[in-house]
Each structure stands twice: as structure tokens, then as C-alpha cells.
Amino acid sequence: MDSDHESSSSSSFTAVESRYSHFSDFSSLSSFRSSSPSPSKPHKSNQIEWEAIKSLRSSASSGIRLDHFRLVRRLGSGDLGNVYLCQLRDDPRYSSCLYAMKVVDREALAVRKKLRRAETEKEILRSLDHPFLPTLYAEFEAHHYSCLVMEFCPGGDLYVARQRQPERRFTVASAKFYAAETILALEYLHMMGVVYRDLKPENVLVRDDGHIMLSDFDLSFKCVVVPKLLRAPLTVNSSIKTTPSSCVPPPMQPVISCFYGGRAGRIGGAHKVKVKPKLSHVGTALAVTTGGEANIIEESQEVGQFFHTELVAEPITARSKSFVGTHEYLAPEVISGIGHGGAVDWWTLGVFLYEMIYGKTPFKGENNEKTIINIMKQQLSFPKVEGSRDMEELLRAQDLISKLLVKNPKKRIGSLKGSVEIKRHEFFKGVNWALIRSVKPPEVPKDQRSAVLLKRNSKVVLSKMSKKERDEPFQIPQYFDYF
Ligand SMILES: Nc1ncnc2c1ncn2[C@@H]1O[C@H](COP(=O)(O)OP(=O)(O)OP(=O)(O)O)[C@@H](O)[C@H]1O
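Let me sum up the structure you'll find in this document. Residue positions are counted from 1 within each chain, in the order its sequence is given. It should be noted that, the model being predicted, local features are given only for residues of pLDDT at least 70 and side-chain atom pairs only at 80 or more, the latter also being counted only at that level, while totals for whole chains, interfaces and linings use all residues.

**What about the sheet that holds strand β5 (residues 145-151)?**
Part 1 of the reasoning: For two strands to pair, DSSP has to find at least two bridges joining them. Counting from the N terminus, the helices are the DSSP runs of H or I reaching at least four residues and the strands are the DSSP runs of E reaching at least two. Pairing in this open sheet of five strands is antiparallel, and the strands run β1-β2-β3-β5-β4 from one edge to the other. The open sheet has two free edges, formed respectively by β1 (69-77) and β4 (136-142), since each of these has just one partner strand. When strand polarity is set aside, the average angle formed by the axes of neighbouring strands in this sheet is 25°.
Part 2 of the reasoning: Note: β1 against strand β2 (residues 81-88), seven bridges, orientation antiparallel. In the strand pairing of β2, R74 is matched with Y84.
Part 3 of the reasoning: Working definition of a contact: two residues with C-beta atoms, positioned from the backbone, lying within 7 Å. Lines fitted to C-alpha atoms define the axes, with helix axes restricted to the stretch in contact, and inter-axis angles between N-to-C directions lie between 0 and 180 degrees. Its contacts with the sheet put helix α2 (residues 48-59) on β2, β3 (98-105) and β4, and the angle it makes with β4 is roughly 45°.

Here it is, written out as C-alpha cells:
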């Protein structure tokens, strides 16, 4: 959607207004200060690809360079640059390691006034450490090119995967799986103060294990997230009232989030935590779940009165006025230009789920203009699906989609508490959010990795790479057929 890109190029990252002050205890949620990829990526610590990069980093005295890699073939290209499949050149121990390298021509982007977008994407990538988001292994400059080395996803994207399905749509169960993993990725981004803004099947890549990786952050915007404590009187177990200091399990077991590391406070033992209703106090007292919330049982000053307290870290009032996105996925508030925040991602989640289940987007018109009018004015409707075996599931999915595709962002599900509201919807009943990484995905790419390695029309048949090939000097510009 070029017009969007153009219209956003000069303003998209200047129009971001943050109405927040910064809470020191939560500054890590939005920290983009690092100028190089974080040396620790805990969820990748056992991975050979990460080990290979660490080994290279320790042996390369002048840092990681382009000539440490062999570019194999182009995986794809986008508005900002090209993405190449690559592998490390010299170390046979790591010859099986494949990476995706995004190469951005900084000079060309500067002319097109898109450098800022590339910078923002890089900053966001640096900060990520989540199973469903890309890991940035290394970054370096080569002449006027900026190179980002990331995880390689051999399974293609969900748009292509959908075309392979009967009637070009996923079963409701498959759509639920992909939506659930996508929600976890979005929730982490929101906690990090990133509004993604570009959810669509094309941007959801499939890893070699069949799990997803959300890619492409050049339309995202950053803001500061201010966590909020939401309290509601507790109406559960009467034993809580009689034994307030005993180990009472909270409604949901807190899980320490990947990005919180060792800083999280302990609440798993004595589950009754006294928290003064003061946000700055909360940062050191709570663990945050990967669900973007912490459930605490809190005792008020009046003895016997308990509250269920949720910590919500969602960019609720962050605002951008940029007109960015992909037409069929644009949220009404993006089109109207009134200013938008995290709720746009929940709108796009509704379109995404709809497309996966029905094989088309809900407001598509004959052309972009009609699509936009439909998004603003047309009521949501669902095509009839004859003889669906999973009708009950389908109805639950429809209910969730209807709540996501509410035109008024303030009334949209997720707009108040973020992902936690969506994860509690009936459609996701039974989903084990903490263990979804261990669930068998609907499709696992068939030995794609070796297929890639042996691909005949690749520049190099990697498995048969000769010593001469490995040693041949690297020439930069010829490889980068940019734009
Ligand atoms: N990690 C990866 N593994 C495999 N393929 C990838 C990976 N990252 C990107 N690609 C491929 O490269 C293409 C372009 O990548 P990407 O979307 O990040 O570039 P872009 O310039 O930001 O694009 P856009 O115009 O959508 O903003 C993608 O469509 C995808 O096919």
C-alpha cells in the first residue's frame, strides 16, 4: 500500500504523542537505549544459531561484518529493503545454521525519507526477546547498507499457508492456534510500549517447528507504557477471608515474564500481597505474567476486605495520527485520523481472524476507496458456512471477531485491559497460554531447512560448498539488488 507508506513517511514517527510520564520502576518495559543487540537473549540461550553468533563475536576482534556471512538467496523484499537467506562462512561447526539478513540501503531510504522508519524497526528488534517475535542476532553496517541478522523462518507466511488450505481457509482450530500465538506476540509488544499496526497474514511467518514469528516492524510506533492497577472486590473462596495469611492460590498463577528476568518480585509463595494503591510502588512488588497482567489478592485497610487486582501494561492512551497500514486492515480510527493507540492491533486481530477463517477480509471493496468507506460505515457480517463441523467453535469465533471489530476503539475488546480481555473470551477456553509453545502446530514445514540447503537454483548448494567457495572474497553491491 504505497500511498499509505508515502503519507506516513514524513509524519508517522513525529506524530506520536505520549501523554505519559515515565515510571522508573517500569522503564525497562520501553527501553530502547541499547545501541547493539542485547548480549543476552534468554529464550534463545540453548540455540546453536545463537551460540554460533556468540562464538563469532568473541573471535572477531573488529566486530561482526558482512564478509562473515555468505548470502545464499533472496527470501523476499519489502518497502525498506531485501531479506536474504545466509549462513556463516568459516566455521564448519555451524554450517547448519541459517539466518535471515535484512539489508537496508540507508542512502536510498534517506532520499525517500524513510530512514526513521528503518531506525525504529531496528530499535524495536533490538529490544525483543520472545518466542513468537524475531531475535536480532547481530547488526552491522556495510558501506551505506544496514544489515540485520535475524532468525530464519523456513515455513513461509500465513497468507501463503492459507492458499494451500481447502477452500483457502484455515479450520477454526488452526485459526485459533495462530491467533493465540499472535496475541501473545502482540501482548509482549504492547508491554514493551510498541504498537505494531501491521498485523496481516503476510507478516506472520512460520518457523521450522510450525510456531509463528511476527515480522516487519517498520510501521510500528513506540510509546511509554504506564502500567495500571485495576481492582475489583474479590468474590471467590470464602477461605480467603477466614485465613488471610495462608497460601491462597490466586485466580491465575503468575508467570514471570521473559523480559522481567530477575527483577520481578516474589508473589508466588504467600499470594497475599499488600500493595498500596500507588503505581510507583508496584514495579518492584509484582511479577508480570506473560499475559500482560499480574493477579494479586490484596487486602485493604479494613480487615477481611479483599480485592482482585490486575496489573495492566497496555498502551491504552498512546496516540499516533499517522495514516499507516494495509487498506483492508486499517482501523476506523486510523482512517479518521482522530488518533490511535494499542486498540488498532486488536482491530487488526479481528480482521486477521476473519481472514483466516473465511478466506477473505470483512470490508474489502472493489477498490481501496470503497474498502475504506466499508470499514467506516458497513456493518460486520459473516458469510454462511455450510455444514461446518465445528459450528459451536465458529459461533464463538464470530462473537470474538464482532467484539474486536467494534468501530469505536473505546468500546472494542482489549481497549481497557489489553490482551487479558481477549484471552478470557470463550473462544480461547482451554488454551494453555503458558505452554502454547509446546502445543503441536497445525502444520510443520516439511524438512524445509534441508530443502533450502539443497535447493538447486540457489546460488550455492550449501551442503556441497567447496573450500574455494567458502574462501572467495565477498563483493557487496552486486549481491544487493535493491528496490
Ligand atoms: N526471518 C525471515 N525468515 C524468512 N523470510 C523472511 C524473514 N524476514 C522477512 N522475510 C521475507 O522477506 C520479505 C520482506 O521482509 P520485510 O517484510 O521485513 O521487509 P520490509 O521491507 O519491511 O517489508 P514491508 O514492505 O512489508 O514493510 C517478507 O515478505 C518475507 O517473505
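**Topic: helix α10 (residues 343-358)**
Part 1 of the reasoning: Between its first and last C-alpha atoms α10 spans 23 Å; for 16 residues at 1.5 Å apiece the expected length is 22 Å, and the two agree.
Part 2 of the reasoning: Put simply, a residue is buried when 20 or more other C-beta atoms lie within 10 Å of its own C-beta and exposed when 12 or fewer do; between those, it is partly exposed, and each C-beta is set from the backbone. Along α10, 16 of the 16 residues are buried, which leaves the element largely enclosed by surrounding structure.
Part 3 of the reasoning: Phi turns positive, to about 80°, at G359, one or two residues after α10. Take the residue count of a helix, subtract one, and multiply by 1.5 Å to get its expected span.

**Structural notes on the site of the ligand**
Part 1 of the reasoning: Close to the ligand lie 19 residues; G76, G78, D79, V83 and A100 are nearest.
Part 2 of the reasoning: Contributing elements (two or more residues each) for the shell around the ligand: β1, β2, β3 and β5.
Part 3 of the reasoning: Residue contributions to the shell around the ligand peak at three residues, all from β1.
Part 4 of the reasoning: Here the nonpolar group is Ala, Val, Leu, Ile, Met, Phe, Trp, Tyr, Cys and Pro; Asp, Glu, Lys and Arg are the charged ones; every other residue, Gly included, is treated as polar. Grouping the constituent residues of the shell around the ligand by class yields nine nonpolar, five polar and five charged. The criterion for a residue being near a molecule or strand is simple: its C-beta atom, placed using the backbone, must lie within 6 Å of it.

**What to know about the packing of α10 against helix α12 (residues 391-404)**
Packed helix pairs are specified by the crossing angle of their axes together with the interaxial distance, meaning the distance between the axes.
Part 1 of the reasoning: For the pair α10 and α12, the least separation of the axes is 8 Å and the interaxial angle reads 145°. For the element pair α10 and α12, the recorded crossing hand is left-handed. Note on element contacts: α12 touches α10 through A397, L400, I401 and L404, opposite W346, W347, L349, G350, L353, Y354 and I357.
Part 2 of the reasoning: Partitioning the contact of α10 with α12 into residue classes produces ten nonpolar, one polar and no charged. A crossing counts as left-handed when the near helix is turned anticlockwise from the far one by less than a right angle, and as right-handed when that turn is clockwise.

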